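So the chains spell out like this:
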Amino acid sequence: DKGNHRHFMAKEIHEQPEVVGRTLSHYVDLANGRVALPEPLPFDFAKLSRLSITACGTAYYAGLVARYWFESIARLPVEIDVASEARYREAPLERDGLTLVISQSGETADTLASLRYAKSQGQHTLSVVNVPTSTIARESSAVLPTLAGPEIGVASTKAFSCQLTVLLCLAIHAGRARGVLSAERERALIDALITVPGLMAEALTREAEIEGLAREVSKARDVLYLGRGTSYPMALEGALKLKEISYIHAEGYAAGELKHGPIALIDESVPVIVIAPHDAVFEKTVSNMQEVAARGGRIVLIGDAKGAAEHGLDTLATVTMPALDATVAPIVYAVPIQQLAYHTAVFMGKDVDQPRNLAKSVTVE
Ligand code: F6R
């Protein structure tokens, strides 16, 4: 049932404040301002020397965001790869180490195969899944469910934001277990996390602006997404969302990589979507925006009022997100990224819930 929405994807985008809130209440002890996992884990984060993450598609991008969190919050080295490579690389995995797999469906063939590979190496396995009865959930040593509810649209939206929510909670748990996260910092992170559903609701109110912008984007043959830090995987996710439902060629790049090649593509025909909350690396991203502007590139900034007031460049548009704690930015910024892809595809008359050549659950390799 799509409710009063035209597509499942629209409904699922709009459900995010609610399902992220539900997921949060499953992982956060609000009274004490700390993360409380629903079940004890059968391994100790303090004993791990690294974390291996594997997943496919959007779930892989959630893992890429989580890498920044595990490294900065829990000081835990992370290696991450797409499951279709991880399963064949013959990577040496330490006995009693940890492999984390992320999957909405819990049935993705390559992700399941990398989980089995990790087990064969004597690793603990932890899965973040949306379908608790799935094969991946059943075969993992521990499961952290996302409480997104059934996701029908082929393009993953609410499952992604719920994955990010669980992964940030897990990074906080790991930081405490490893003795590198003070109770004070944990409380500050929890304070930021609990504002997220409200901030997502606020982000959703930018829809009319994004719809207008989608008309411009729909005319492009190529679109570039740029971001730094956790906004880099968000750029990859933005490009994936746009290409899979609108069929416009889109690429996501680390903003700092621009001058190592993709800058050659920049001209007035290529919209450049810059994802940049006013965080610790904002100024660095502004210098990349200057490089784009100097070559006639048309910039769309997905950022906040503070950043917009600071950069001083001509842009095609700014999508203004609420001010927030930079750590939680990816969860909130998922909203405009999804809406831009959605409205571009709808404007072009594409079947957003059933894009060509794609299946919701990829059970063959
Ligand atoms: C993109 C998308 C896919 C999935 C990928 C993994 O919007 O939906 O990239 O994220 O096929 O699927 P799961 O999470 O079910 O393992």
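Residues numbered from 1 in each chain as written. Predicted model: local features only at pLDDT ≥ 70, side-chain atom pairs only at ≥ 80, totals over all residues. Heavy atoms only, no water.

Overview of the overall build of the chain
When you go through the chain residue by residue, the secondary structure sums to 14 helices and twelve strands. Over its C-alpha atoms the chain spans a radius of gyration of 20 Å, differing by no more than 12% from the 21 Å that the globule rule assigns to 365 residues. Counting only C-alpha atoms and orienting by the principal axes, one finds that the chain spans roughly 55 × 45 × 45 Å. Taken across its 365 residues, the chain has 58% of its residues classed as buried. Considering only residue pairs separated by 6 or more positions, the chain has 76% of its internal contacts joining residues 24 or more positions apart. Of the charged side chains in the chain, 35 are positive and 43 negative, and the gap between their average positions amounts to 2 Å. (Helix = DSSP H or I, 4+ residues; strand = E, 2+ residues; numbered from the N terminus. Rg over C-alpha atoms; globule rule 2.2 N^0.38 Å. Buried < 20%, exposed > 50% of the residue type's maximum accessible area, 1.4 Å probe, protein only. Contact = heavy atoms within 4.5 Å. Lys, Arg positive; Asp, Glu negative; His and termini not counted. Charge placed at Lys NZ, Arg CZ, Asp CG, Glu CD.)

A few points about the sheet that holds strand β5 (residues 98-103)
Within a sheet, each strand pairs with its neighbour through backbone hydrogen bonds, oriented either parallel or antiparallel. The sheet built from five strands is open, its strands ordered β4-β3-β5-β6-β7 with parallel pairing. Either end of the sheet is taken by a strand with one partner, and the two such strands are β4 (78-82) and β7 (142-145). Across this sheet, the average inter-strand angle for adjacent strands is 20°, counted without regard to direction. Where β5 meets strand β6 (residues 124-129), six bridges bridge the pair, whose relative direction is parallel. Each residue of the ladder has a partner; that of L100, found in β6, is L126. Across the sheet, helix α7 (residues 158-177) lies against β5, β6 and β7, angled at about 160° from β5, the strand it touches most. (Pairing = 2+ DSSP bridges. Axes fitted to C-alpha atoms, helices over the stretch in contact; angles between N-to-C directions.)

As for the pairing of β4
Most of β4 sits out of view: four of its five residues are buried. Looking at chain direction, strand β3 (residues 51-55) and β4 are connected through five bridges and run parallel. When the sheet's bridge partners are listed, L51 is paired in β4 with V78. Regarding topology, helix α3 (residues 57-74) serves as the crossover connection from β3 to the parallel β4, and that connection is right-handed. (Right-handed = clockwise from strand over helix to strand, strands pointing away.)

Considerations on the confidence of the model for the chain
Taken as a whole, the chain shows an average pLDDT of 96; of its residues, 100% reach a score of 70 or greater. For this predicted complex, the interface confidence reaches an ipTM of 0.99, while the overall pTM sits at 0.98. (pLDDT = per-residue confidence, 0-100.)

Digging into the side chain of S218
Within the fold, S218 resides in helix α10 (residues 207-218). Of the residues examined, S218 reaches a relative accessible area of 13% and is grouped as buried. There is a polar contact of 2.7 Å between the side chain of S218 and the backbone oxygen of R215. The contacts of S218, once residues within four sequence positions are left out, are I248, T344, F347 and M348. (Polar contact = N/O pair within 3.5 Å; in protein donor to acceptor, adjacent residues only side chain to side chain.)

Focus on the nonpolar core
Counting 97 residues, the largest nonpolar core has F45, W69, F70 and Y225 as its most contacted members. Examining the composition of this core, we find that twelve residues originate from one element, helix α14 (residues 329-347), more than from any other. Residues A255, V272, F282 and V292 belong to the second largest nonpolar core, which totals 16 residues. (Core = buried A, V, L, I, M, F, W, Y, C linked by side-chain atoms within 4.5 Å.)

Re the environment of A137
Looking at where A137 falls in the secondary structure, it is placed in helix α6 (residues 135-139). Separated by 100 residues in the primary sequence, A137 and E237 have C-alpha atoms spaced 24 Å apart. Not counting residues within four places of it along the chain, the set of residues in contact with A137 comprises S127, V129, V131, P132 and V143.

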